[in-house]
Amino acid sequence: MSAKRKTTSGIEIKEVYTEPSKMNELPGEFPYTRGIQKDMYRGKPWTMRQYAGFSTAEESNKRYHYLLSRGTMGLSVAFDLPTQIGYDSDHELAEGEVGKVGVAIDSLKDIEILFDGIKLSDITTSMTINATAAILLAMYIALAKKQGADLKQLSGTIQNDILKEYAARGTYIYPPAPSMRLITDVFEYCSKELPKWNTISISGYHIREAGSTAVQELAFTLANGKAYLKAALSKGLDINVFAKRLSFFFNCHNNFFEEIAKFRAARRMWANITKELGATDPGAQKLRFHSQTGGSTLTAQQPLNNIVRTTTQALAAVLGGTQSLHTNGYDEALSLPTEAAAQIALRTQQIIAFESGVTDTVDPLAGSYFIEALTDELEAAALLYIGKIDAMGGSVKAIEQDYMQQEIASAAYQYQNEIESGERVIVGVNKFAQAETPAGNVFRVDDTIRLHQIEKIRLLKAGRDSVAVAKNLKNLKAAAIGADNLMLPILSAVESYATLGEIADVLRSVFGEY
C-alpha cells in the first residue's frame, strides 16, 4: 500500500476518486463555483497585468511604456516601503529604502511623472497600497482630472486592505478603528464619484507569502472580507452597491489541483457570505479576483526552473477562473525583475491564453471527481476557521488576539521543517542541487536615487502655494477629528501639492500610530 499523500493544507488525497460529481450548476449562476461569467475566457481573456515599480517615477514610467508596448493590458504599481508607510523620501526612516521594492511617490508631481504619456482613461491600474491607499487614490484622481478623464469611467483597483497588514505583512500606520474608517470613507466616496473603481482588493496573497496554508489563505481572506462588509454596513452603505466594487487578490502556489479548488471554493463561499449579509444583486455576490504567482516559491538556486513553476501556477489560476493575473519574473529571488525576465513572464500568460486551448471552454475541470471533492474539502476546512474567528468577534478581534498571526507562523514553521527534513522536495534546493556560479545579470536600485527624490521635494516645496497647503492640511485635521468623509480634504491637500508624508502626519497627529 502506498504512503499517504496530502495537500499543503494537510487534506489527505485518496488514491482514486470514484464518486460521481454532484455538480449541476452552471457558470455565471449562484453560487458561482464554476465562474462569475457564463462565457468566461471565450468572451475575452483575463487581464494580463505586470507588477512593476522601482527607483524613481521617471524610471518606472519607462518600464510601463515597455510593458504596454509588449501587450500588457493593465498596470500594477509597486510602491517603495516609505510610500507604503507614509514617509517622504527625505524622512530619516526612509534612508536605505527609497525606490527599493517599488517606486518612490512623494507627491502628485511624482504621479504626474509616473504616468507621463499614458492616458488613465485607456488603461486599468492596480495599486498595491494599503495604509496610504486613500492618499495615492487621491493623487490618481487628481491626475485623471488634469487629463480630462471622465471619473465615472475610471477603472482600476487599490489594495486598501489593512487587516492583512496587521495579520501578515506589517505596513500599517494607524490603529484598526481609524484604519477601517479610512477604508469605508473610500467605499462611500467612490460609490458616488468613481462607480467603476474597485475600492479594495482583499488580499490573501501576503497571508500566503507569510507562510499560511491554502486553507488559511482562503479562510482568513474571506473572514477579512466579511469584516469589511460589516464595517460598511454599519456606516449605512448599501451592500448591493459597495460590494460590487470589492475584489480579491489571491496567491497561486505549486500544488496545482489544490490551488484550482481553492479559487472555486472561494467564489462559492463569498456568494453565500454576501447573501447572508443581505446582498440580493448578483453583482454584489460575485467574487472577482486578481491572482499572482507565488513569490515565496521562487528559488535563487537554478533560477530558470522558476519559469516552469510560474507556468504551472499561472495555469492553475486560469483553470480556477481568475479575472486578472500577474506572473513573476524568474529572477525575482535574486533581484527586481530584469526586462528579459518580465517579458518571459508576460509571454507565459500569452502562450497559455492563445496556444494551450484551456480558454476554449468554461471551467474545464468541472465534474472531475478529484477537483469537486477537493473544492468541498477546502470549503469545509476554511469554514471551520471562519467559525472560530466569528466566535472571537470577527477579524479585528482575532488579529488583536494574535490568532491569525500564530496560525500562520505555525504553518510556516511546519512547512520549513518539511523542506529541511527532505519530506517536501524543492527541486534544485534540497534535491537535484548542483554547484552554480553566482548570477551576473541582476537588477539593483542605486542608493543615490534618494538624493534625487529629496531634491525634487525641495523644489516642490519652494514652488508651491504654501498658504494653500497649510489651509488644506488644517481642514484635513479638522475632518479627521470630526466625522466627515476624509477623501475630499485629502484630495484638496493632494491637489495643492501637499506631500504624502505631510498628509499622513496630519492623520498620525489625530489617530496615533499602532
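Remember, predicted model here, so these are calculated numbers, not experimental data. (Residues numbered from 1 in each chain as written. Predicted model: local features only at pLDDT ≥ 70, side-chain atom pairs only at ≥ 80, totals over all residues. Heavy atoms only, no water.)

A. View of the packing of aromatic side chains. What the rule picks out here adds up to 20 aromatic pairs. Their ring planes at 75° and their centres at 5.0 Å tell us that Tyr 166 and Tyr 514 sit as a pair that is edge-to-face. You can see Tyr 166 sitting in helix α5 (residues 163–169) and its partner Tyr 514 sitting in the segment after α20 (500–511), a full 348 residues away along the chain. We classify Tyr 166 as buried; its relative accessible area is 8%. The class for Tyr 514 is partly exposed, based on a relative accessible area of 47%. Where Phe 220 meets Tyr 403, the ring centres are 6.4 Å apart and the plane angle is 70°; that geometry is what we call edge-to-face. (Phe/Tyr/Trp six-rings, centres within 6.5 Å; stacked < 30°, edge-to-face > 60°. Helix = DSSP H or I, 4+ residues; strand = E, 2+ residues; numbered from the N terminus. Buried < 20%, exposed > 50% of the residue type's maximum accessible area, 1.4 Å probe, protein only.)

B. Quick look at the sheet that holds strand β11 (residues 324–326). Spatial ordering of the open sheet is given by β7-β6-β5-β4-β3-β11-β10-β9-β8, a layout of nine strands whose pairing is parallel. With one partner strand each, in any of the chains shown, β7 (197–198) and β8 (200–203) form the two edges of the open sheet. Inspection of the sheet shows strand β6 (residues 156–158) paired to β7 by two bridges, in the parallel sense. Its bridge partner being in β7, Thr 157 is matched across the sheet by Asn 198. Contacting β3 (47–52) and β11, helix α13 (residues 339–355) crosses the sheet at an angle of about 170° to β3. (Pairing = 2+ DSSP bridges. Contact = heavy atoms within 4.5 Å. Axes fitted to C-alpha atoms, helices over the stretch in contact; angles between N-to-C directions.)

C. A look at unusual backbone geometry. Between Phe 30 and the following residue, Pro 31, the backbone shows a cis peptide bond with an omega angle of 5°. Positionally, Pro 31 belongs in the loop between β2 (12–13) and β3. Phi angles above zero are rare outside glycine, and Met 40 is one such case at about 45°. Checked against the element boundaries, Met 40 lands in the loop between β2 and β3. Unlike most non-glycine residues, Tyr 497 shows phi in positive territory, near 70°.

D. Expanded view of the pairing of strand β5 (residues 124–128). For β5, the tally of buried residues reaches four of five residues, placing the bulk of the element in the interior. Relative to β5, strand β4 (residues 74–78) is paired through five bridges, and the arrangement is parallel. Each bridged residue has a counterpart across the sheet, and for Gly 74 the counterpart in β5 is Thr 124. Pairing geometry for β5 and β6, over three bridges, is parallel. Among the inter-strand pairings, Ser 126 is bridged to a residue of β6, identified as Thr 157. With helix α4 (residues 133–147) bridging β5 and the parallel β6, this β-α-β connection has right-handed handedness. (Right-handed = clockwise from strand over helix to strand, strands pointing away.)

E. Main features of the environment of Ile 85. With respect to the helices and strands, the residue Ile 85 is situated in the loop between α2 (81–84) and α3 (108–114). Spatially, the C-alpha atoms of Ile 85 and Gln 434 are 40 Å apart, while their sequence positions differ by 349 residues. Discounting chain neighbours no more than four positions away, the residues touching Ile 85 are Thr 132, Thr 171, Tyr 172, Ile 173 and Arg 508.

F. Representation of a nonpolar patch on the surface in the model. On the surface, a cluster of nonpolar side chains totalling about 270 Å² of accessible area is made up of Val 425, Val 427 and Phe 432. Taking the relative accessible area as the measure of exposure, Val 425 reaches 40% and is therefore partly exposed. (Patch = residues over 30% accessible without salt bridge, like charges linked within 9 Å, V, L, I, M, F, W, Y side chains within 5 Å. Areas by Shrake-Rupley, 256 points an atom, 1.4 Å probe, with all protein chains shown as cover. Salt bridge = Lys/Arg side-chain N within 4 Å of Asp/Glu carboxyl O.)

G. How the structure looks around the environment of Ala 340. Its location among the elements puts Ala 340 in helix α13. Residue classification places Ala 340 among the partly exposed residues on the basis of a relative accessible area of 45%. Spatially, the C-alpha atom of Ala 340 lies 40 Å from that of Ser 191, the residues being 149 residues apart in sequence.

H. View of the packing of helix α6 (residues 176–193) against helix α19 (residues 487–495). Running from amino to carboxyl end, α6 crosses α19 at an angle of 90°, the nearest separation of the two axes being 9 Å. For the element pair α6 / α19, the angle class is roughly perpendicular. Of the residues in α19, those touching α6 at Leu 182, Asp 185, Val 186 and Tyr 189 are Met 487, Leu 488, Ile 490 and Leu 491. Its residues placed into classes, the contact of α6 with α19 shows seven nonpolar, no polar and one charged. (Parallel < 35°, antiparallel > 145°, perpendicular 65-115°, else oblique. Nonpolar A, V, L, I, M, F, W, Y, C, P; charged D, E, K, R; others polar.)

Interpretation note: all reported values are geometric properties and have no functional meaning in isolation.
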